[in-house]
Amino acid sequence: MEAEGDRFTMAADDTSIDADFDEFQDACDVSPVPEGMTFEKSMEEAQLAINYFFNNQFEEAIELMRPFANSSLYHSIGYSVFVYLEALLTFEHQAVVRAVEQLKKCIAVCNRFRRKNTITESFGKMVKKVNYEQYTDVEAHAELCYAECLLLRSMLSFMEDETLSSLIKAGFKIRSCYGSYKECQNILINRDWQNCATKPHFEGGVRMGIGAFNLMISLLPSRIIKLLEFIGFSGNKELGLQDLEKGYRMGGLRKILCVMTLLGYNSIVLQVLSHGEGDLAICEDILDNFLKMHPDGVWFLFFKGRLEFMKANIDECIGWYTRAWKSQEKWPQFHHMCFWELTWVHCMRTQWKEALVYATHLLEGSRWSRTIYSYQKAVLLYMMRGELSVSDRMVTDNLMKELPNYKQRIAGKSLPMEKFVIKKSERYFSQNQTLVLPVLELMYLWNLFKVLGKQFTLAENVFKLIEKAESELTNFKVRKYHADNTALVLLLKGACLRQMNSPLQALECLENAISMLKDIQEDHYIVPYAIVELALIEWEQNNREKAIAALEDAKKNYTGYSLESRLHFRIHTALTAFKSYEAEHTKL
């Protein structure tokens, strides 16, 4: 591991901050490990539980971990992960409380097995290097499980409480987690692991944790990254991806965590928060391997559907998503993930009636955001307004009227997309129950237009809708928002033309949208979004300096508009990619 020392080094070598969690050790009862439950056996059972879980045998996985969750290291972390997933998927307060309590117990179990330093040793750590050879196998793994607990616990802080103090505490917990992962990194690099059968399990966990932190931080806008670097964080996307891929290739208990992170990052995060594509090739490789092992596993069926969606293979993705939600009944929350995707898949085909079926399922069954789901169903009904009955139109009005009542606050803040659709529902009534292309607007904001460029028929159908709306703008009776509505149509038209490989026409539309800046009343997001769209066209046309200048303009000169953070993520990823390209080609 000597050669990899520099590769693994990230920020200053601080150790984990335990103070916030010391209370858990005293507050929670930790049972003695039962006779016969060896460390090696606990890892074997953890692997078996993973296999159960990804074969949709959720109860079997949980019940295998539950009996020793207060005594055995790997049973405790395994059970905590399953309880955490339930909280994340259901979004129910009681499930969140249960997860928090279980993670407290798990931290107490980890602390029992972690290496105990004497006062002399603790003081010595401040003035000389730690002798990591003194760590036993169990102590090393306890440190890793502890880091994983801290990560899960800090994520739950955002769901558990809405106050600013909770948000600040969550930040400190994440820093503590980061420090603990770096301590694990030091153990991996400096301890002698020769002939140690548990090394792949440990190394996979370190690579997953450090890799995920690198990816997460590299995605953040530059002004946030500068602040994080000041308090000891740093992020490198390439190193993060390398670590995660090595964790996937090498095996071990945490292989599956590396796999899920890679799939989520490449097929969802990058698709929503960047202009480019994720690494679909590695997604293909992972899914080919794991669907052989778990042919009915809901997670892999879902991601296979997502992969085909990103390739614009619409029939195939509908088939995979349908298989995914029909593959199990135990956790209906998995159904909701598929229903969300199927809603948008049918929207890509302008099949509003089919999309409405899944949007209705979401509104009736999911607890994630009733505000967004209400708006989504309302605008799908609106797109079919020519064939709606009087009662259907009343349903649309009622959904628009009631959706603000369900607004949520997470970490003390409203969800940006909820605030956006509430404003749109208000506009609906101020414009005499009319909106302009509301479903296409949502598709654009979820970054789904990039799929249009991969299948001309999809783009052509969407373009016809935009042209029809453009011709109808003169019929709008409320003139106050004429500029807003016109600029929106121009933005959507320009974005669609870019995907149809008509750059000159696209630029004309986008420039016209930008020129309406002073006349827009409410939809101030349109201009910076149009500037970014224009920058992407300039880059594709080899106008490199113009592209970078436009992105810098959108980043520095516009603020206070809807969904600003979302656009800043996209600006950051584009600028990073463009400047990296320029630097490489300047060297050549």
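Before any of the text, the structure's been laid out above.
Procedures and definitions
- In this numbering scheme, every chain counts its residues from 1 along its sequence in written order.
- Since the coordinates come from a predicted model, pLDDT governs what is reported: local features require at least 70, and pairs of side-chain atoms require 80 or more to be given and counted, while whole-chain, interface and lining totals use all residues.
- Here the side-chain values reflect all heavy atoms present in the structure, with hydrogen atoms and water set aside.
- Here a Phe, Tyr or Trp ring, Trp counted by its six-membered ring, pairs with any other such ring whose centre lies within 6.5 Å, and the pair is stacked when the planes are under 30 degrees apart, edge-to-face when over 60, and tilted otherwise.
- Criterion for a charge above a ring: Lys NZ or Arg CZ within 6 Å of the ring centre, and within 35 degrees of the ring normal.
- Residues enter patches when their relative accessible area tops 30% and they take part in no salt bridge; the joining distance is 9 Å for like charges and 5 Å for the nonpolar side chains Val, Leu, Ile, Met, Phe, Trp and Tyr.
- Throughout, the Shrake-Rupley method with a 1.4 Å probe supplies accessible areas, and for residues the shown protein chains are the sole cover considered.
- Whenever a carboxyl oxygen of Asp or Glu lies within 4 Å of a side-chain nitrogen of Lys or Arg, that contact is scored as a salt bridge.
- His is not counted here, nor are the chain ends, while Lys and Arg score as positive and Asp and Glu score as negative.
- Where a charge lies is defined by one atom per residue type, namely NZ (Lys), CZ (Arg), CG (Asp) and CD (Glu).
- By the criteria applied, helices consist of DSSP H or I runs no shorter than four residues and strands consist of E runs no shorter than two, each listed in order from the N terminus.
- Here the term buried applies to any residue with accessible area under 20% of the maximum for its type, exposed to any over 50%, and partly exposed to those in between, with areas from a 1.4 Å probe on protein chains only.
- Geometry is summarised by axes, namely lines fitted to C-alpha atoms with helices restricted to the contacting stretch, and by angles between N-to-C directions that run from 0 to 180 degrees.
- In this scheme, roughly parallel covers angles under 35 degrees and roughly antiparallel covers those over 145, while 65 to 115 is roughly perpendicular and the rest are oblique.
- Handedness of a crossing follows from how the near helix is turned relative to the far one, being left-handed for an anticlockwise turn of less than a right angle and right-handed for a clockwise one.
- What makes two residues a contact is simply this: any of their non-hydrogen atoms within 4.5 Å.
- In this classification, Asp, Glu, Lys and Arg are treated as charged, Ala, Val, Leu, Ile, Met, Phe, Trp, Tyr, Cys and Pro as nonpolar, and every other residue, Gly included, as polar.

Mind showing me how you'd approach the packing of aromatic side chains here?
Each pair of aromatic rings is reported with the distance of its centres and the angle of its planes. Considering all chains together, one arrives at 30 aromatic pairs under this definition. Between Tyr525 and Tyr529 the ring centres are 5.5 Å apart and the planes differ by 85°, which places this aromatic pair in the edge-to-face class. In textbook terms, an aromatic cluster arises when at least three aromatic residues are bridged by ring pairs, as seen for Phe53, Phe54, Phe58, Phe82, Phe290, Trp299, Phe300, Trp331 and Phe334. Seen from the ring of Tyr146, Arg114 lies directly overhead, with NZ or CZ sitting 3.7 Å from the centre. Note that Arg115 overlies the ring of Tyr135, its terminal NZ or CZ placed 5.8 Å from the centroid.

Before we go on, may I ask you to explain a positive patch on the surface in this structure?
A grouping of Lys407, Arg409, Lys419 and Lys423 is seen on the molecular surface, where their side chains present a positively charged patch. Tracing the backbone through its elements, the reader meets Lys423 in helix α21 (residues 416-430). Lys423 sits in the partly exposed class, given a relative accessible area of 46%.

Sorry if this is basic, but what is going on with the packing of α21 against helix α22 (residues 438-445) here?
Any two packed helices are characterised by the angle at which their axes cross and by the distance between the axes. At a minimum axis separation of 13 Å, α21 and α22 run at an interaxial angle of 160°. As summarised for this structure, α21 and α22 are arranged roughly antiparallel, according to the angle between their axes. As α21 runs across α22, the sense of the crossing is right-handed. Between α21 and α22, the residues in contact are Met417, Phe420, Val421 and Lys424 and Glu441, Leu442 and Leu445, respectively. Taken together, the residues of the contact of α21 with α22 break down into five nonpolar, no polar and two charged.

I'm lost on the pattern of salt bridges in this one. Help?
Oppositely charged side chains are able to pair whenever their charged atoms sit close together. A full pass over the atoms with the stated rule returns 31 salt bridges. In this structure, Arg115 engages Glu139 in a salt bridge whose closest nitrogen and oxygen atoms are separated by 3.7 Å. Of this pair, Arg115 sits in the loop between α6 (93-113) and α7 (119-124) while Glu139 is found in helix α8 (residues 137-160), placing the two residues 24 residues apart along the sequence. You can call Glu139 buried: its relative accessible area is 15%. Several salt bridges converge on common partners, so that one network encompasses Lys424, Arg427, Glu441, Asp484, Glu522 and Asp523.

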